[in-house]
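Listed below are the residues making up each chain.
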Amino acid sequence: MNSYDLPAAGSVPPGSMISFPRPSKGGATQHLVLTMLGDYWQQEASWLPSRLIIALGAHLGITASAASTALSRLAGRGVLEQSSAGRSSRYRLTEAARVRLEIGFRQVSEFGSESRQWDGMWTVVGFSIPESARETRELLRSRLKWLGFSPLYGALWVCPWDRTEAVDEACAAYGVANYVVFRSRTSSLLGREPIEAWALDEMREQYHPFIETYSRSIPGSPDRALSPAEAFRLRTEIMDSWRAFPWNDPGLPRELLPADFPLLTARKLFVSAYNSLVDPALEHVREVIRSEAPEAAGSPSALRVSEGA
């Protein structure tokens, strides 16, 4: 289980706990399939024939057997619902998954934005969970990491953003009673600087492959004219790669980062590429629907990221 397992308070129906695959670098099949479905069917409750999803997956380099396995596993995680229509299987995102994808899309869309203002305060969390409750401890750590925390010491975690309410909800959800959460200015904290909870050099390095790879691939490059199928593949890969960054980088305030930190460059590239590929990518999705599953109900719609999000 991972950070997505915890529903946002009041936003997910009771009993709808789901387990999303953890964001990671690289094209893990479940991640790609989920990213694709989130990009074009996040707001749709229609059933999609498995052959349609498999056909679209083929344009992402996913074999039919790998796609089928991914669909089965995502259904087992509670991310997808499965049904049968005649001899064919069909799938759709569960209500809980669509809610979590909407929240997740908002989080990754805002990640790295210059418009986010820091109030100069740190959120500090201390907790004590016995060894006998190791699974609970790992769940809480996972959730804290997704919320932007990092351990300054083993059970003392810090985050520059106000996450007090979210931490309180997480501890309540996991049954953690021995914890304290408070906010403080750097000037009020003695000893080790909170920013030392992050290895900035390692965080910096993760952006270079992204910038190098996609700066040569986006439309507008002198020698690059993308077909609809290529636009679809590239757009899915870009979002799948971008989703992983908040797992290792909380989007630290600009005031805490070196002037040449590459996150801003990477974000501008992400927004430009993801949005500019909308029309040809959506054209490809509709063409595959007409070819593979013209009876499929509902219509796909492509998401966009706000420049100033």
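Residues numbered from 1 in each chain as written. Predicted model: local features only at pLDDT ≥ 70, side-chain atom pairs only at ≥ 80, totals over all residues. Heavy atoms only, no water.

Engineer: So, the overall build of the protein: which residues are in play, and what are the values?
Structural biologist: The secondary structure content of the protein amounts to 12 helices and 7 strands. Here the protein, with 309 residues, has 49% of them falling under the buried criterion. Considering only contacts within the protein whose residues lie at least 6 apart along the sequence, 77% involve residues at least 24 apart. When the accessible surface of the protein is split by element, carbon and sulfur atoms take 49% of a total near 14,200 Å². (Helix = DSSP H or I, 4+ residues; strand = E, 2+ residues; numbered from the N terminus. Buried < 20%, exposed > 50% of the residue type's maximum accessible area, 1.4 Å probe, protein only. Contact = heavy atoms within 4.5 Å. Areas by Shrake-Rupley, 256 points an atom, 1.4 Å probe, with all protein chains shown as cover.)

Engineer: Describe the nonpolar core, with residues and values.
Structural biologist: For soluble globular proteins, nonpolar side chains are generally found buried alongside one another. In terms of nonpolar packing, the biggest core is built from 54 residues, with Leu-140, Phe-149, Tyr-207, Phe-210, Ile-238, Trp-242 and Phe-270 touching the most fellow members. With 7 residues, helix α11 (residues 263-276) is the single largest residue contributor to this core. By size, the runner-up hydrophobic cluster in this structure holds 33 residues, among which are Leu-37, Ala-70, Val-79 and Val-288. (Core = buried A, V, L, I, M, F, W, Y, C linked by side-chain atoms within 4.5 Å.)

Engineer: So what's going on with the packing of helix α1 (residues 29-41) against helix α9 (residues 228-242)? Which residues, and what values?
Structural biologist: Between α1 and α9, the shortest axis-to-axis distance is 9 Å and the interhelical angle comes to 105°. Comparing the axis directions of α1 and α9 gives the class roughly perpendicular. Residues His-31, Leu-32, Thr-35, Met-36, Asp-39 and Tyr-40 of α1 form the contact with α9, whose own contacting residues are Phe-232, Arg-235, Thr-236, Met-239 and Asp-240. Here the residues of the contact of α1 with α9 are counted per class, giving 5 nonpolar, 3 polar and 3 charged. (Axes fitted to C-alpha atoms, helices over the stretch in contact; angles between N-to-C directions. Parallel < 35°, antiparallel > 145°, perpendicular 65-115°, else oblique. Nonpolar A, V, L, I, M, F, W, Y, C, P; charged D, E, K, R; others polar.)

Engineer: Go over the sheet that holds strand β4 (residues 121-127) with me, naming the residues and quoting the values.
Structural biologist: Paired through backbone hydrogen bonds, the strands of a sheet run either parallel or antiparallel to each other. Pairing in this open sheet of 4 strands is antiparallel, and the strands run β5-β6-β4-β7 from one edge to the other. Each of the sheet's edge strands pairs with one partner strand only, and the pair in question is β5 (150-153) and β7 (179-185). In this sheet, adjacent strand axes meet at a mean angle of 30° when their direction is disregarded. Where β5 and strand β6 (residues 156-159) come together, 3 bridges link them in antiparallel fashion. From the neighbouring strand, Pro-151 faces β6, where its bridge partner is Trp-157. Across the sheet, helix α5 (residues 134-146) is in contact with β4 and β6; its angle to β4 comes to roughly 175°. (Pairing = 2+ DSSP bridges.)

Engineer: A description of helix α2 (residues 50-58) should follow, citing residues and the corresponding values.
Structural biologist: Counting buried positions over the 9 residues of α2 gives 7, a clear majority of the element. Of the residues making up α2, those classed as buried are Ser-50, Leu-52, Ile-53, Ile-54, Ala-55, Leu-56 and Gly-57.

Engineer: Please give an account of the pattern of salt bridges that cites residues and values.
Structural biologist: For the structure on display, the rule yields 13 salt bridges. The salt bridge partner of Asp-260 is Arg-204, with a shortest N-O separation of 3.2 Å. A residue pair is termed long-range when its members are at least 10 positions apart, and Asp-260 in the loop between α10 (245-248) and α11 and Arg-204 in helix α7 (residues 200-205) qualify at 56 residues. Between Arg-243 and Asp-240 there is a salt bridge, with the nearest N and O atoms lying 3.4 Å from each other. Accessibility classification places Arg-243 together with Asp-240 in one group, the buried group. Connected through shared salt-bridge partners, Asp-119, Asp-162 and Arg-183 make up one network. (Salt bridge = Lys/Arg side-chain N within 4 Å of Asp/Glu carboxyl O.)

Engineer: Give a detailed account of the packing of aromatic side chains, specifying residues and quantitative values.
Structural biologist: Tallying each qualifying case throughout the model produces 15 aromatic pairs. Look at Tyr-207 and Phe-261: their rings are 6.0 Å apart centre to centre, the planes differ by 75°, and that puts the pair in the edge-to-face class. You can see Tyr-207 sitting in helix α8 (residues 207-215) and its partner Phe-261 sitting in the loop between α10 and α11, a full 54 residues away along the chain. The class for Tyr-207 is buried, based on a relative accessible area of 0%. Since its relative accessible area comes to 7%, Phe-261 is described here as buried. Taking 5.7 Å as the distance between ring centres and 50° as the angle between the ring planes, the aromatic pair formed by Phe-210 and Trp-242 counts as tilted. A residue pair is termed long-range when its members are at least 10 positions apart, and Phe-210 in helix α8 and Trp-242 in helix α9 qualify at 32 residues. We note that Phe-210, like Trp-242, is buried. Within the aromatic cluster, the residues linked to one another by ring pairs are Phe-105, Phe-111, Tyr-207, Phe-210, Tyr-214, Trp-242, Phe-245, Phe-261, Phe-270 and Tyr-274. Residue placement shows Arg-116 over the ring face of Trp-161; its charged tip is 3.8 Å from the ring centre. Positioned above the aromatic ring of Tyr-274, the side-chain terminus of Arg-235 is 3.8 Å from the ring centre. (Phe/Tyr/Trp six-rings, centres within 6.5 Å; stacked < 30°, edge-to-face > 60°. Lys NZ or Arg CZ within 6 Å of the ring centre and 35° of its normal.)

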